[in-house]
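# Report on the structure
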Number of protein chains: 2
Amino acid sequence: MVQLENAQQILRSCTVFIHETEMVSLQKAIGRVLAEDVKAAADQPPFPRSPLDGYAVRGSDTKGLTKEQTRSFRVIGKIYAGEVFDGIVHEGEAVRIMTGAPIPEGADTVIRQEWTDYGEEEVLIFGESKPYQDYCFQGEDYKKGEILLKKGNVLDGISIALLASLGMAQVEVYRLPRIAVISTGDEVIQPGEPLRPGKIYDSNLHFICARLKEMGVEPFYADHNADSAVCMAQKLYSIAKDVDLIITTGGVSVGEKDIMHEVVNLLEAKELFWRVDLKPGAPTLAMEFQGKPVICLSGNPFGAAVNFELLVRSVIEKMTENPKWELKKSNAVLQSDFVKKSGVRRFLRAYAENGNVWLPDGNHASGVLSSMLGCNCLVEIPEKKHGAKKGEVVCIYHLM
Amino acid sequence: MVQLENAQQILRSCTVFIHETEMVSLQKAIGRVLAEDVKAAADQPPFPRSPLDGYAVRGSDTKGLTKEQTRSFRVIGKIYAGEVFDGIVHEGEAVRIMTGAPIPEGADTVIRQEWTDYGEEEVLIFGESKPYQDYCFQGEDYKKGEILLKKGNVLDGISIALLASLGMAQVEVYRLPRIAVISTGDEVIQPGEPLRPGKIYDSNLHFICARLKEMGVEPFYADHNADSAVCMAQKLYSIAKDVDLIITTGGVSVGEKDIMHEVVNLLEAKELFWRVDLKPGAPTLAMEFQGKPVICLSGNPFGAAVNFELLVRSVIEKMTENPKWELKKSNAVLQSDFVKKSGVRRFLRAYAENGNVWLPDGNHASGVLSSMLGCNCLVEIPEKKHGAKKGEVVCIYHLM
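Residues numbered from 1 in each chain as written. Chains lettered and ligands numbered in written order. Predicted model: local features only at pLDDT ≥ 70, side-chain atom pairs only at ≥ 80, totals over all residues. Heavy atoms only, no water.

Per-chain confidence: chain A averages 95 in pLDDT, with 100% of residues scoring 70 or above. Here the predicted complex scores 0.93 on pTM and 0.93 on ipTM. (pLDDT = per-residue confidence, 0-100.)

Structure below.
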């Protein structure tokens, strides 16, 4: 029997950060962890740019111009965004320019077209713009050589846009963990099959796969296994070399069909711990096999769900160094009483908002899944406490 | 020129909720909106179930039993989870039972095996369990006919597990919106191509596609179009029948290459509005074509990003009725001063945490993308205000 924090630490110490990388297209990189520092290869924008539709001029030529005091300029060219004007703007000259086009040499500002007569060969200007007043500087977004994104950053929409602005079509990210999920139990059948006496449907396999996918990891392998220690050991043996982590459910208690203890022996794996001092999901077992962590969760749906959050997340966080896997804690004020008999450390499903936390009305038993619907956190009732009162400050673990 | 809230309302009034549905497998249903009420087809668990490894007995037979006062029971059978025992447990009889197995008729509790001598034909019991004390009731999770999930629920990991527990391999969800994203601008080239003078890389297309994917929608069509009103009109014409929404960027200002005004005319589309009274992204244009909203964002990266959040999200929220698309507002205390010249309503990129909000140090210009990195909200500076002071309470719009 180990304490939760001890179990987390034991698991993390046999978990390695996955340092292998892969090149992926920008749109596949969303949510992934960047494996390289990204430096700007050029200034952004790569040239001084017009922020307006108008006329590029020397600002000093427009000093004091008003509707009453106008001045005529010779229009020496016209450029749209995407084009380049090769000449130089001298005193008394203007270049017709559109938003986003490079400001020609010699010009240091742009007069908005509303302050002109829109002239094509000569233009009458009746407004003033100081040098660099209406002017987007080369490199105003970022400068060549600047580190824009750092190794370890998680890529979101803005990061992807920034990579695109750098001209990168692909980016190097750490590969995702390869995770196998295996449910056990002879009483367990798959959704879609007809229900037979004594059987129940497999919710654990679907819960764990769904949570992994919600967090951006497609399970590498997901299946159910009968209650045969030999078959299970063979399956783990054949799959361990291809994956970084194995998660199983069921078969970890003290009954005759609790096969996972025998699986540890058959595989000659190193048992890391068995039983964690908490409820639900206490019988959780962990082993190290071929250098990979194997976490064997309870078969009780709520027990499996809680220990997925408390233990499995911590392992995946270390593998990926992706902060979204970190289980975040905070304090909240409990909005209802909860009484329990035993002094075992307990985790309750709950819903938290704005510093308050509510327990669902339904059943808190370990086998019950439905009362977890709509919950977004776990409330901890520490060891030796026999419940908590409405108004008490409790520690909550956020689930997303 | 319209107010933001007016623009949102105009767009939503020409947007219809997508009521078509599709059947998808459970693992593909994550994050999707349920299109049917889901009722329990059977009790869960479907039978009274043993919570322990032990012996199923009549609780009254164990009254007062202790290590000193033991009693011997005749073992009339043995059942593992997944099996069924057909007989009835009478007074003085016990059935060896494993966790998860159905409690046989006649028995009303289970004595944990640690309180017995593990006997196989006769078992000595030296502990007491009251009727139904160690007993999982049939239907304790949910009862046949109970509505477990409602039409409109967004499916998360727990919902998926619950659907699996019901035996459902597929579920009916509303189909996702089909969205086309088209960037414009002759100055814009795609990442991966060599940078030529006067050109910049396309970040808007990648930003919008990445945001859609972050929110669970794979863009139906995504491409860049040259600054030709005829080509753009043809593209919109050919694609409109296949999609629910079209988002474009660029070409909406007042210059000669601002083609979207002409596109409205060529398509004989209904212009809904042009120019929204805010900064950045003011020149946003919206039209209705073939009954579909077409939202034409500014070409300025930050302007496009802000109006994606302020306008496009609102349309997708109405199409999907998925609350994750709703732009949530709250108040926060500004942690730095911000000064601006004009009295235009302004949205600033910012980072909020625990009721405080920080502005990034970088450039706040509309063309600048890099200072939006790490931001999780927009701060609103209302119309006529020329900034905000440190310590002031401001309204923030959360981006995720």
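From this point, things continue past the structure.
It is worth spelling out the side chain of Ser298 of chain A at this point. Mapped onto the secondary structure, Ser298 of chain A falls in the loop between β17 (292-297) and α6 (301-320). Among the polar contacts listed, one links the side chain of Ser298 of chain A to the backbone nitrogen of Asn300 of chain A, at a separation of 3.0 Å. (Helix = DSSP H or I, 4+ residues; strand = E, 2+ residues; numbered from the N terminus. Polar contact = N/O pair within 3.5 Å; in protein donor to acceptor, adjacent residues only side chain to side chain.)

Note on the copies: chain B fits chain A at an RMSD of 0.0 Å, the axial shift is 0.0 Å, and the rotation between them is 180°. The superposition of one copy onto the other is thereby described by a two-fold rotation axis. Residue Asn354 of chain B of chain B places its C-alpha closer to the rotation axis than any other residue of that unit, at 4.8 Å. When the interface residues of chain B are mapped onto chain A, 100% of them are again interface residues, pointing to one common binding face. (Least-squares fit on C-alpha atoms with pLDDT ≥ 70 in both. Contact = heavy atoms within 4.5 Å.)

A separate point is the interface of chain B and chain A. On the chain A side, the residues contacting the 69 residues of chain B number 69 residues. Between chain B and chain A, a total of about 5,600 Å² is buried, with carbon and sulfur atoms accounting for 62% of that surface. The interface formed by chain B and chain A contains four salt bridges. Between Arg96 of chain B and Glu256 of chain A there is a salt bridge; the shortest N-O distance is 3.8 Å. Where chain B packs against chain A, one counts 24 residue pairs in polar contact (both at pLDDT 80 or more). Taken together, the elements giving at least two residues each to the side of chain B that touches chain A come down to β8 (147-149), α2 (157-165), β12 (200-201) and α3 (204-214) of chain B. Its residues placed into classes, the side of chain B that touches chain A shows 34 nonpolar, 16 polar and 19 charged. (Buried area = accessible area lost by both parts, 1.4 Å probe. Salt bridge = Lys/Arg side-chain N within 4 Å of Asp/Glu carboxyl O. Nonpolar A, V, L, I, M, F, W, Y, C, P; charged D, E, K, R; others polar.)

This part is about the pattern of salt bridges. For side chains bearing opposite charge, pairing can occur when the charged atoms are close. All names here are of chain A. By the definition in use, this model includes 35 salt bridges over all chains. In this structure, the salt-bridge partner of Arg175 is Glu20, at a minimum N-O distance of 3.1 Å. Of this pair, Arg175 sits in the loop between β9 (170-174) and β10 (179-184) while Glu20 sits in the loop between α1 (4-13) and β1 (21-25), and the two are 155 residues apart along the sequence. As a salt-bridge pair, Arg211 and Glu309 come within 2.8 Å of each other at their nearest N and O atoms. Of the two residues, Arg211 is situated in helix α3 (residues 204-214) and Glu309 in helix α6; the sequence distance between them amounts to 98 residues. You'll find Arg211 and Glu309 in the same group, each marked buried. Overlapping salt bridges bring together Arg211, Glu214, Glu309 and Arg313 as one network. (Buried < 20%, exposed > 50% of the residue type's maximum accessible area, 1.4 Å probe, protein only.)

This part takes up the packing of α3 of chain B against helix α6 (residues 301-320) of chain B. All names here are of chain B. Packing of α3 against α6 brings their axes to within 11 Å, and their N-to-C directions diverge by 35°. You can see that α3 and α6 cross each other, and the crossing is right-handed. Of α6, the residues touching α3 (which contributes Asn204, Phe207, Ile208, Arg211 and Leu212) are Pro301, Ala304, Ala305, Phe308, Glu309, Arg313 and Ile316. Class assignment of the residues belonging to the contact of α3 with α6 gives a composition of eight nonpolar, one polar and three charged. (Axes fitted to C-alpha atoms, helices over the stretch in contact; angles between N-to-C directions. Left-handed = near helix turned anticlockwise from the far one by under 90°.)

Time to look at the nonpolar core. Among the nonpolar cores identified, the biggest contains 67 residues, and Phe273 of chain A together with Val171 of chain B are the most heavily contacted of them. The biggest single contributor to this core is α6 of chain A, with eleven residues. The next biggest cluster of nonpolar side chains, apart from the first, holds 66 residues, and it includes Cys14, Leu205, Leu278 and Ala286 of chain B. (Core = buried A, V, L, I, M, F, W, Y, C linked by side-chain atoms within 4.5 Å.)

Moving on, we come to the sheet that holds strand β15 (residues 270-274) of chain A. Residue and element names in this part refer to chain A. Strand order in the open sheet formed by six strands is β13-β10-β14-β17-β16-β15, with mixed pairing between adjacent strands. Bordering the open sheet on either side are β13 (221-225) and β15, each of which pairs with just one other strand. Direction aside, neighbouring strands of the sheet carry axes that sit 15° apart on average. In this sheet, strand β14 (residues 245-249) lies alongside β10 in parallel orientation, the contact comprising five bridges. (Pairing = 2+ DSSP bridges.)

Turning our eyes to something else, we now look at helix α1 (residues 4-13) of chain B. Residues and elements named next belong to chain B. When we look at burial in α1, the residues that qualify are Leu4, Ala7, Gln8, Ile10 and Leu11. Projected onto a plane normal to the axis of α1, the buried residues spread over an arc of 165° and lie on a single side. For α1, the secondary structure elements touched by its buried residues are β15 (270-274), β16 (285-289), β17 (292-297), α6 and β20 (346-353). (Arc of directions from axis to C-beta.)

This part takes up the packing of helix α2 (residues 157-165) of chain A against α3 of chain B. Two elements in contact, α2 of chain A and α3 of chain B, have axes separated by 8 Å at closest approach and are oriented at 155°. By the angle class used here, α2 of chain A and α3 of chain B are roughly antiparallel. Judged by the twist between their axes, the crossing of α2 of chain A over α3 of chain B is right-handed. The segment α2 of chain A lies against α3 of chain B, with Gly157, Ile158, Ile160, Ala161 and Ala164 of chain A engaging His206, Phe207, Ala210, Arg211 and Glu214 of chain B. (Parallel < 35°, antiparallel > 145°, perpendicular 65-115°, else oblique.)

Residue and element names in this part refer to chain A. Per the stated rule, a full pass over the model turns up 15 aromatic pairs over all chains. Centroid distance Phe207 to Phe308: 6.2 Å. Interplanar angle 80°. Geometry classified as edge-to-face. One end of the pair, Phe207, is in helix α3; the other, Phe308, is in helix α6, with 101 residues separating them in the sequence. Under the relative-accessibility criterion, Phe207 is labelled buried at 4%. Residue classification places Phe308 among the buried positions, given a relative accessible area of 0%. (Phe/Tyr/Trp six-rings, centres within 6.5 Å; stacked < 30°, edge-to-face > 60°.)

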